[in-house]
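Chains, contacts and geometry: an overview
Here is how the chains run, residue by residue.
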Amino acid sequence: MLKDVTLGQYFPGDTVVHRLDPRTKLILVIVYIVALFCAKSYVSYAVVAAFLILCMCLSRIRLRVIVKGLKPLLLIIVLTGLLNMFYTPGRELVHFWIFTITWEGLRNAVFMISRIVMLIFGTFLLTYTTSPIALTDAMELLMSPLKRIKVPVHELSMMMCIALRFIPTLISETDKIISAQKARGADFESGNLIRRAKALIPILVPLFISAFRRADELAVAMESRCYHGGKGRTRMKQLRMAGRDYLALAFGILLLAAVIVLRKLGL
């Protein structure tokens, strides 16, 4: 299950999506999320899904890779759908025991599951096609106006970058610890809930120690290189917007406008 977590991983490539400016991709993701939450009908969801499929095809990221990252969240998605299906009042469709399924509940469940899945796919596509360093630079540049009100923009961007960068590392470390504990005879699958929770202690303790050790090593490395925050720092790669970036932004705005118009028309 841990190997299925792909959030934070970057897959290098030379596609149109990979070559887009990271600021463009961040803005497009925000526009995509707003459009997704504005969608209220099957037609609107179909339009957003078509946009997502187009981006996936242009990025050449295989659907199997994205679906693999969805597996750890499958329980939450199914539970969300069931809660919407059973606890939404409306016209009764099926009734058994204490549960009642309504047409409105079924519709809400389909919409909610679709929204969560497409939301995850869109955010995964951002991290798959953009390196953590590029994401840091993009976030810092987009939030640079906040520096006037003393917001630590560089530090916030750096923390986000480090968090994304260390997700795959911590997952790999956890997998190694679990394998080592199983080799010593540890059992994580049998017993009741309390016993399983106690069995996680031999995993959590070395994992926390490893995480703190890595954090200390990173802090020492940054201090050794005379890191003092964002003031006066330069970038090896300067971000520049190209024609394809403006075209992508126009396409994103067109998507949002189409969803809003469809919502106003009730379609």
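Residues numbered from 1 in each chain as written. Predicted model: local features only at pLDDT ≥ 70, side-chain atom pairs only at ≥ 80, totals over all residues. Heavy atoms only, no water.

**Concerning the packing of helix H3 (residues 42–59) against helix H6 (residues 103–129)**
The following threshold applies: For helices, the fitted line uses only the C-alpha atoms of the stretch in contact; every axis is such a line through C-alpha atoms, and the angle between N-to-C directions lies from 0 to 180 degrees. In DSSP terms, a helix is any run of H or I states spanning at least four residues, a strand is any run of E spanning at least two, and both are numbered starting from the N terminus. An angle counts as roughly parallel when it lies under 35 degrees, as roughly antiparallel when it exceeds 145, as roughly perpendicular when it falls between 65 and 115, and as oblique in every other case. Whether a crossing is left-handed or right-handed is set by the direction in which the near helix is turned from the far one by less than a right angle, anticlockwise for left-handed and clockwise for right-handed. Throughout, a contact is declared for two residues whenever any of their heavy atoms are within 4.5 Å. Residues are grouped as follows: nonpolar covers Ala, Val, Leu, Ile, Met, Phe, Trp, Tyr, Cys and Pro; charged covers Asp, Glu, Lys and Arg; every other residue, Gly included, is treated as polar.
Viewed as axis vectors pointing N to C, H3 and H6 meet at an angle of 25°, and their least axial separation amounts to 11 Å. Considering the angle they form, H3 stands roughly parallel to H6. For the pair H3 and H6, the sense of crossing is left-handed. Facing H3, whose interface residues are Tyr42, Tyr45, Val48, Ala49, Leu52, Cys55, Met56 and Ser59, H6 presents Arg107, Phe111, Ser114, Arg115, Met118, Phe121, Gly122, Leu125 and Thr129. By residue class, the composition of the contact of H3 with H6 is eleven nonpolar, four polar and two charged.

**Remarks on the packing of aromatic side chains**
Heads up, the condition is: For Phe, Tyr and Trp, rings pair up if their centres lie within 6.5 Å, where Trp contributes its six-membered ring, and each pair is then called stacked (planes under 30 degrees apart), edge-to-face (over 60) or tilted (otherwise). Only protein chains enter the accessibility calculation, which uses a 1.4 Å probe; a residue whose area is less than 20% of its type maximum is buried, one above 50% is exposed, and one in between is partly exposed.
Taken as a whole and judged by the stated rule, the model has seven aromatic pairs. Judged by centre distance (5.0 Å) and plane angle (80°), the ring pair of Phe11 and Tyr128 falls under edge-to-face. In this pair, Phe11 sits in the segment before helix H1 (16–19) while Tyr128 sits in helix H6, placing the two residues 117 residues apart along the sequence. Owing to a relative accessible area of 0%, Tyr128 belongs among the buried residues under this scheme.

**A short note on the pairing of strand E2 (residues 99–102)**
Keep this limit in mind: Only when DSSP finds a minimum of two bridges between them are two strands counted as paired.
Summarising the sheet, strand E1 (residues 92–96) and E2 pair through four bridges and their orientation is antiparallel. Considered in E2, the bridge of Glu92 is made with Thr102. Where E1 hands over to E2, the hairpin turn is made up of two residues, of which Trp97 adopts a positive phi near 55°.

**What about the layout of surface pockets?**
Here is the rule we go by: Lining residues are those with an atom within 4 Å of a point, where the points come from a 1 Å grid over the protein atoms alone and group into cavities, where a 1.4 Å probe fits but cannot get out, or pockets, open sets with protein on both sides within 12 Å along at least five of seven lines. Grid points are joined across faces, edges and corners, and a volume is the space filled by probe spheres set on the points.
Here the second largest pocket defines a volume of roughly 410 Å³. Around the second largest pocket sit 20 residues that line it, and Val17, Leu20, Leu28, Phe51 and Cys55 are the ones nearest its centre. Secondary-structure elements contributing two or more residues to the lining of the second largest pocket are H1, helix H2 (22–38), H3, H6 and helix H11 (243–265). Looking at side-chain class alone, the lining of the second largest pocket contains 16 nonpolar, two polar and two charged residues.

**Thoughts on the nonpolar core**
In plain terms, the rule: What we call a nonpolar core is a set of buried Ala, Val, Leu, Ile, Met, Phe, Trp, Tyr and Cys residues that are connected through their side-chain atoms within 4.5 Å.
Within the largest apolar cluster, 26 residues are counted, with the highest numbers of intra-cluster contacts made by Tyr32, Val48, Ile66, Met118 and Val259. Only H2, H3, helix H4 (63–70), H6 and H11 provide two or more residues apiece to this core. Setting aside its immediate chain neighbours within four residues, Ile66 contacts Met56, Ile61, Phe121, Phe124, Leu125 and Tyr128. Core analysis: the next-biggest nonpolar cluster, separate from the first, contains six residues, Val29, Leu126, Leu135 and Met139 among them.

**Observations concerning the packing of H2 against H11**
Taken N-terminus to C-terminus, the directions of H2 and H11 make an angle of 10°; their axes are 9 Å apart at the nearest point. Our classification of the angle between H2 and H11 gives roughly parallel. Here Thr24, Ile27, Leu28, Val31, Val34, Ala35, Phe37 and Cys38 of H2 lie close against H11, whose contacting residues are Asp245, Ala248, Leu249, Gly252, Ile253, Leu255, Leu256, Val259 and Arg263. Split into classes, the residues belonging to the contact of H2 with H11 amount to 13 nonpolar, two polar and two charged.

**As for the pattern of salt bridges**
For clarity, the threshold we go by: By convention in these notes, a salt bridge is any Lys or Arg side-chain nitrogen within 4 Å of a carboxyl oxygen on Asp or Glu.
Across all of its chains, the model carries three salt bridges by this definition. Between Asp14 and Arg19 there is a salt bridge, with its nearest N and O atoms 3.3 Å apart. Residue Asp14 is classed as exposed on the basis of its relative accessible area, which comes to 60%. Where Glu173 meets Arg214, a salt bridge forms, and the shortest distance between an N and an O atom there is 3.1 Å.

**Re the side chain of Thr15**
What counts, and what does not: Within 3.5 Å is the distance limit for a polar contact, defined as a pair of N or O atoms, with the added protein rule that one can donate a hydrogen and the other accept it, and that residues adjacent in sequence qualify only through two side-chain atoms.
Turning to its location among the elements, Thr15 is positioned in the segment before H1. Thr15 sits in the buried class, given a relative accessible area of 7%. At a separation of 2.6 Å, a polar atom in the side chain of Thr15 contacts the side chain of His18. Beyond its immediate stretch of four places on either side in the chain, Thr15 contacts Leu58, Ser59 and Arg60.

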